[in-house]
Amino acid sequence: MKVVIPGGSGHVGAVLTRALLAQGHEVVHVSRHAGGAKPVRTVAWDGRTLGDWAAEIDGCDAVVNLAGRSVSCRYTAENLRAMMDSRVDSTRAVGEAIATAVKPPRVWLQMSTATIYAHFAGEPADPPNDESGTLGGFEPDVPAYWKYSVDIARAWERAQSEADTPTTRKVALRAAMVMSPDKGSVFDVLLRMTRLGLGGPVAGGAQYVSWIHGDDFSRAVEFLIDREDFTGPVNLAAPDPLPQRELMRGLRAAAKTPIGLPATKWMAELGAVAMRSDTELLLKSRRVIAGRLPEAGFAFAHPRWRLAAADLVRRVREGRV
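Quick summary incoming for the structure in this document. Here the structure is a predicted model, which means the values were calculated and not measured.

**Things to note about the overall build of the chain**
- Scanning the chain from N- to C-terminus turns up eleven helices and eleven strands.
- For the chain, whose C-alpha radius of gyration is 19 Å, the value lies close to the compact-globule estimate of 20 Å for 321 residues.
- Considered along the principal axes of its C-alpha atoms, the chain spans approximately 55 × 45 × 40 Å.
- Each of the 321 residues in the chain was classed as buried or not, and the buried ones make up 53%.
- The contacts of the chain with a sequence gap of at least 6 include a subset with a gap of at least 24, amounting to 77%.
- Surface summary for the chain: the accessible area is close to 14300 Å², and the carbon and sulfur share equals 56%.

In structure tokens, the structure reads:
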């Protein structure tokens, strides 16, 4: 099987590429910088317009579009616009490439985000958000600018759904944080903070964190490529979302780091400025689970955070991904 991955040069792309190569598939990355030889070729694009790169999509089996500016940045007006444009423009370009292909791929998996769901301010007994959950953007008592992240997610998915690709099945991957031992990944950042003694609760730590182990992310993508009955949004999130304080407690246990200093909201803001990030990533409560995948028989290999964290820390210590 030939799989084309626009945006495959990022850490999520690296996780997926390793898994596909291990299964014997051909993988081609589409990136702003061409180069590389087997096992992975990289062809160049500008992320907006058709070009020679589109020939890779013509005749391939599947496209998994991961392209988009990183959300780990300060949420200035300029950066928010770049996040929106990079996602929408690249999705439209992929749609045009599929629409003009002589032999279009049978499936197009488009990255989206679990951030599309509403900030969860409920009680633990309340149900989490599966694919039928409440979308965000209209919650009271949250910063007004948080709505823009939801607007980006909606526009991202809309760009895919509006693409004129009648013979190509389309799936939107509403992914939670993908946890992998790769350098620069979300897990890498959290582990480094934990080892510095900074892995404590933030602003009380009651906000929920949804996550998925990188192995399960890749397995879910392969599952969705094969399942002809899947279209539309699919949540890629482990069945164990948990409060941020519990997430960090589990990571401290895995890393054998007993101390995790707490941080107030204003301290988190100072830290976000220093790390050139934004507190929405820390403070928005994302309590999201996969609904459709388990119903279809998909079984998570890493369903619980404490065991997943232990596995990831072990891989980091052993220097393997």
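Here the narrative resumes, following the displayed structure.
**Quick look at helix α6 (residues 214-226)**
- Taking 1.5 Å of rise per residue, 13 residues should cover 18 Å, and α6 covers 19 Å from first to last C-alpha, within 8% of that figure.
- Of all 13 residues making up α6, ten are buried, and the element is well covered by its neighbours.
- The set of residues buried in α6 consists of Gly214, Asp216, Phe217, Ser218, Ala220, Val221, Glu222, Phe223, Leu224 and Ile225.

**Comments concerning the packing of helix α5 (residues 186-195) against helix α11 (residues 305-318)**
- Their axes nearest at 12 Å, the elements α5 and α11 cross at an angle of 85 degrees. The orientation of α5 with respect to α11, classified from their angle, is roughly perpendicular. Residues Phe187, Leu191 and Arg195 of α5 pack against Trp305, Ala309, Leu312, Val313, Val316 and Arg317 of α11.
- In the contact of α5 with α11, the residues fall into seven nonpolar, no polar and two charged.

**So, the sheet that holds strand β3 (residues 40-44)**
- Strand order across the open sheet formed by seven strands is β3-β2-β1-β4-β5-β6-β10, with parallel pairing between neighbours. Of all strands in the sheet, those with a lone pairing partner are β3 and β10 (232-236), marking the two edges. On average, each strand axis in the sheet is tilted by 20 degrees relative to the strand beside it, whichever way the strands run.
- Strand contacts of helix α3 (residues 77-99): β1 (2-6), β4 (62-65) and β5 (107-111), with the helix running at about 175 degrees to β5, the strand carrying the most contacts.
- Across the face of the sheet, α6 comes into contact with β4, β5, β6 (169-175) and β10 while running at roughly 160 degrees to β6.

About the cut-offs
- Residues numbered from 1 in each chain as written.
- Predicted model: local features only at pLDDT ≥ 70, side-chain atom pairs only at ≥ 80, totals over all residues.
- Heavy atoms only, no water.
- Helix = DSSP H or I, 4+ residues; strand = E, 2+ residues; numbered from the N terminus.
- Rg over C-alpha atoms; globule rule 2.2 N^0.38 Å.
- Buried < 20%, exposed > 50% of the residue type's maximum accessible area, 1.4 Å probe, protein only.
- Contact = heavy atoms within 4.5 Å.
- Areas by Shrake-Rupley, 256 points an atom, 1.4 Å probe, with all protein chains shown as cover.
- Expected span 1.5 Å × (residues − 1).
- Axes fitted to C-alpha atoms, helices over the stretch in contact; angles between N-to-C directions.
- Parallel < 35°, antiparallel > 145°, perpendicular 65-115°, else oblique.
- Nonpolar A, V, L, I, M, F, W, Y, C, P; charged D, E, K, R; others polar.
- Pairing = 2+ DSSP bridges.

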